[in-house]
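# Tertiary structure, described
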Amino acid sequence: MTRTAPTPPPSLLTAPPVPPPLLAGPDGSGLVAEIEAYLASLPASARHPVPYVCPHGTAVRSWCAGHPAPRVTLLDRALRRPARPVPVSAADHLRLASRYIGAHGWLQGAMWDACGRVCLLGAQAAVLAHGYGTPATVRTARVQLMEVLHATGRPVHSPDEYNDRPTTREVDVRLLLDRAAARAGRLGL
């Protein structure tokens, strides 16, 4: 009589059951999928783009932030003319020129280049061209620049000559613009 090995019960022949996934993490809970489905169901007008936040914790801002954009009126459209300039003080013009250089870059020897960098005069021209201030505002601002240059012992014929000196750096130009803006602000210009 031959003996055969006993066969195990059928429940032991199948693979052990797979435990359910852990629900503690965001991947297993379906939370991410639920949030994505909710965001996709929102109408397009309710979605607001979030500004890029740099690693240092501040949001990137436009160089003209805090000032309204020039608006073309119906009369401007009918007469096919550009929008009226936004009135700014000489102090605001100088601050905007400094922020424009900070946003687009600085150079010497030319008003601007193909990369968008500008010199001091190029920054003032760009601020004016974007519709902030008038030519009279720019003249007042340039007088303030000359006053600061002469008061700090740097006699030059124009701020552009100071900009193009080989020893001048971007920091020097932005500091000059900030000092001139502070002076113009104190004088109420």
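Refer to the structure above for everything that follows.
Reference entry: report on the structure contained in this document. (Residues numbered from 1 in each chain as written. Predicted model: local features only at pLDDT ≥ 70, side-chain atom pairs only at ≥ 80, totals over all residues. Heavy atoms only, no water.)

## Focus: the packing of helix α7 (residues 135-151) against helix α9 (residues 170-187)
It is the contact of α7 with α9, at a shortest axis distance of 9 Å, that shows an interaxial angle of 110°. Classified by the angle their axes make, α7 and α9 are roughly perpendicular. Seen from α7, the contacting residues are Gln144, Leu145, Glu147, Val148 and Leu149; seen from α9, they are Leu176, Leu177, Arg179, Ala180, Arg183, Ala184 and Leu187. Its residues assigned to classes, the contact of α7 with α9 shows eight nonpolar, one polar and three charged. (Axes fitted to C-alpha atoms, helices over the stretch in contact; angles between N-to-C directions. Helix = DSSP H or I, 4+ residues; strand = E, 2+ residues; numbered from the N terminus. Parallel < 35°, antiparallel > 145°, perpendicular 65-115°, else oblique. Contact = heavy atoms within 4.5 Å. Nonpolar A, V, L, I, M, F, W, Y, C, P; charged D, E, K, R; others polar.)

## Some words on the packing of aromatic side chains
Scanning all chains against the criterion turns up two aromatic pairs. Arranged with centres 5.0 Å apart and planes meeting at 85°, the rings of Trp63 and Tyr100 form a pair that is edge-to-face. Of the two residues, Trp63 sits in the loop between α3 (31-41) and α4 (74-79) while Tyr100 sits in helix α5 (residues 90-104), which places them 37 residues apart along the sequence. An identical accessibility class is assigned to Trp63 and Tyr100; each is buried. Centre to centre, the rings of Trp63 and Tyr132 are 5.8 Å apart; their planes meet at 80°, and the pair counts as edge-to-face. Highlighted residues: Trp63 in the loop between α3 and α4 and Tyr132 in the loop between α6 (120-129) and α7, separated in sequence by 69 residues. (Phe/Tyr/Trp six-rings, centres within 6.5 Å; stacked < 30°, edge-to-face > 60°. Buried < 20%, exposed > 50% of the residue type's maximum accessible area, 1.4 Å probe, protein only.)

## A closer look at the side chain of Ser98
Position of Ser98 among the secondary structure elements: in helix α5. Apart from residues no more than four positions distant in its own chain, Ser98 is found in contact with Arg174, Leu177 and Asp178.

## Quick look at the packing of α5 against α6
Contact pair α5 / α6: the axes reach a minimum separation of 9 Å and the direction vectors enclose 115°. Taken together, the axes of α5 and α6 lie roughly perpendicular to each other. In the packing of α5 onto α6, the handedness of the crossing is right-handed. Across the interface between the two elements, His93, Leu94, Leu96, Ala97, Tyr100 and Ile101 from α5 touch Leu120, Ala123, Gln124, Ala126 and Val127 from α6. Taken together, the residues of the contact of α5 with α6 break down into nine nonpolar, two polar and no charged. (Left-handed = near helix turned anticlockwise from the far one by under 90°.)

Read these as layout, nothing more, since geometry by itself doesn't imply function.
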